[in-house]
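What follows is the residue order along each chain.
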Amino acid sequence: MPELKYLIFFATLIFGVPIGYFLALRYSWVEKLVFFLFIFFTCEMIDINFYSLEDYRGSSRGFEFGMVDITMYIVLALVCKRSHQYPVKWLPPGAILYLLYFIFSCLSLVHADVLVYSGFEITKMLRMFLYFWIAFNYLQREEQFETLLQSIGLITLYIFFLVLRQKYVNGLFQSMGPFPHQNSLTMYMSLLGALSLSRLLNRKAIYVSYWFILFAMASFCVLSTLSRAGLALYVLNCSIVFFISLCLRDKQQKEMRKRKCVILLIMPLVAAAGLYKASDSIIERFTSAPKESKISRILLAQAAVNMANENIWGIGLNNFGHKINDPYPYGAHIPVEISRDGSKRGLVETAYLMIAAETGWLNLTLFLTMLFYFYGKNLINIVRLKNSSLRYIPVALAGCLTQVYLQTTLEWVLKQTNNFYQLMLIFALIGAISKLLNKGERQAIDKHVEQPKSRQGAPCVTSI
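So, here's what we can say about the structure.

Each value, and the rule that gives it
Residues numbered from 1 in each chain as written. Predicted model: local features only at pLDDT ≥ 70, side-chain atom pairs only at ≥ 80, totals over all residues. Heavy atoms only, no water. Phe/Tyr/Trp six-rings, centres within 6.5 Å; stacked < 30°, edge-to-face > 60°. Helix = DSSP H or I, 4+ residues; strand = E, 2+ residues; numbered from the N terminus. Buried < 20%, exposed > 50% of the residue type's maximum accessible area, 1.4 Å probe, protein only. Lys NZ or Arg CZ within 6 Å of the ring centre and 35° of its normal. Salt bridge = Lys/Arg side-chain N within 4 Å of Asp/Glu carboxyl O.

**A short note on the packing of aromatic side chains**
Two aromatic rings are characterised by how far apart their centres lie and by the angle between their planes. One pass over the full model with this rule turns up 30 aromatic pairs. Between Tyr375 and Tyr405, the ring centres sit 6.0 Å apart and the planes meet at 45°, which makes this aromatic pair tilted. Here Tyr375, found in helix 16 (residues 361-384), pairs with Tyr405, found in helix 17 (residues 392-407); they are 30 residues apart in sequence, far enough to count as distant. Tyr405 gets classed as buried once you look at its relative accessible area, which sits at 8%. A connected cluster of aromatic rings, assembled from ring pairs, spans Tyr98, Tyr101, Phe129, Phe132, Tyr352, Phe367, Tyr373, Phe374 and Phe427. One cation-aromatic arrangement involves Lys167 over Tyr168; the distance from NZ or CZ to the ring centre is 5.8 Å. Directly above the ring of Phe136 sits Lys435, whose terminal nitrogen or CZ lies 4.0 Å from the centroid.

**Comments concerning the pattern of salt bridges**
Within this structure, the stated rule accounts for nine salt bridges. One salt bridge in this structure joins Arg127 and Asp69, with 3.1 Å as the shortest N-O distance. Within this pair, whereas Arg127 is found in helix 5 (residues 115-138), its partner Asp69 is found in helix 3 (residues 67-81), the two being separated by 58 residues in sequence. For Arg127, a relative accessible area of 11% corresponds to the buried category. In this structure, a network of salt bridges that share partners links the residues Glu64, Asp69 and Arg127.

See the structure below:
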């Protein structure tokens with residue numbers, strides 16, 4: 001049977017990509033479907049591993065290839081086909097920072113004892129950059145952002161019904177949706193919930209009930225994970241979206257005040273009802289957490305710091321799960337009774353310390369610089385998109401990125417494939433919106449030069 005799975009994937013690659021490409025060129029609905037799948041397969045991973053070590057406890061366990069890669073190649077072909085109309089930008093905003101982060105991660109291989117583990121992570125990082133590059137260069141027109149949001153709405157529906165089945169049919173105490181862990185679901189839903197809420201608050205007369213229901217569904221999924229940090233950070237995420245939306249001042253926002261006031265009154269009541277319904281599970285989750293878990297987090301963090309301090313390039317990309325165990329000394333201070341078993345210890349819970357341990361403090365600095373670069377660029381987009389119908393997207397991303405960055409201090413799930421893909425999609429969105437703004441300003445300047453006597457207003461992206 002494994003041979004059949006490889007046969008199906010290679011047949012899809014060889015025949016599916018060209019067929020999908022030619023159909024997408026001919027039919028707009030096929031192109032929209034491909035782009036939907038381009039996003040959908042970041043949550044529902046359908047893939048194979050050409051070589052895998054499933055027993056290894058690391059952030060990557062094999063050389064992955066999946067349906068998301070198939071859709072990437074189709075969208076890449078579309079980008080290349082239209083390069084005469086929409087010139088390709090080889091280095092999107094933030095690309096240099098990511099490539100430096102990748103190079104310094106590769107330098108850590110000098111200390112990696114098991115190179116194949118590092119190879120797993122390197123191939124994943126290359127796939128993430130390709131995904132980011134393709135998404136950035138594909139998003140060229142405002143209507144494509146609308147397609148993206150409709151896709152995210154459908155994905156929210158899919159995850160909601162999957163969580164509903166897990167919770168009430170399968171009886172799972174902590175739902176995880178299509179993800180490997182409930183924390184992965186919480187982080188993934190941070191974007192979906194924030195976009196639904198921001199669209200509801202900042203976009204007039206666009207299916208109000210539909211987006212309110214989607215926001216409620218996303219919130220239900222987060223609540224069903226019973227992730228303590230995830231719940232608190234999701235509330236912070238939504239609060240940031242709400243606060244920024246209330247502070248915005250432009251023509252469109254004046255017409256939205258009544259809706260915001262109504263939502264401001266309704267949301268606490270709905271949230272209170274949901275918390276009351278799930279109060280028993282929430283209380284049990286908060287009171288039953290083992291003390292050993294907290295102790296283990298601290299001890300693993302100490303081990304990560306020791307690894308980073310000892311080696312300027314770290315102990316080797318994706319080698320933490322190997323070197324935390326015997327015969328290496330880094331985990332010797334962790335008692336056997338709080339290990340998963342007598343010989344295997346876990347991974348440090350914060351992705352930041354994992355990066356420092358595996359690739360060094362300097363590379364962590366590069367990674368943080370990249371994160372804050374995109375965060376700052378997104379805040380600039382909020383200001384520059386005044387009077388634009390797209391302004392709700394950077395507003396949502398401000399709340400979402402805050403949750404993702406803070407949650408990453410507590411968990412390493414950002415390095416999981418699903419959440420890594422979503423982060424690169426967010427970065428591509430930020431860069432694409434900046435590109436759209438710059439294009440709109442250039443068009444406004446050109447128009448002003450051609451017609452110097454006409455009255456000119458401030459450049460606005462809605463004219464694109």
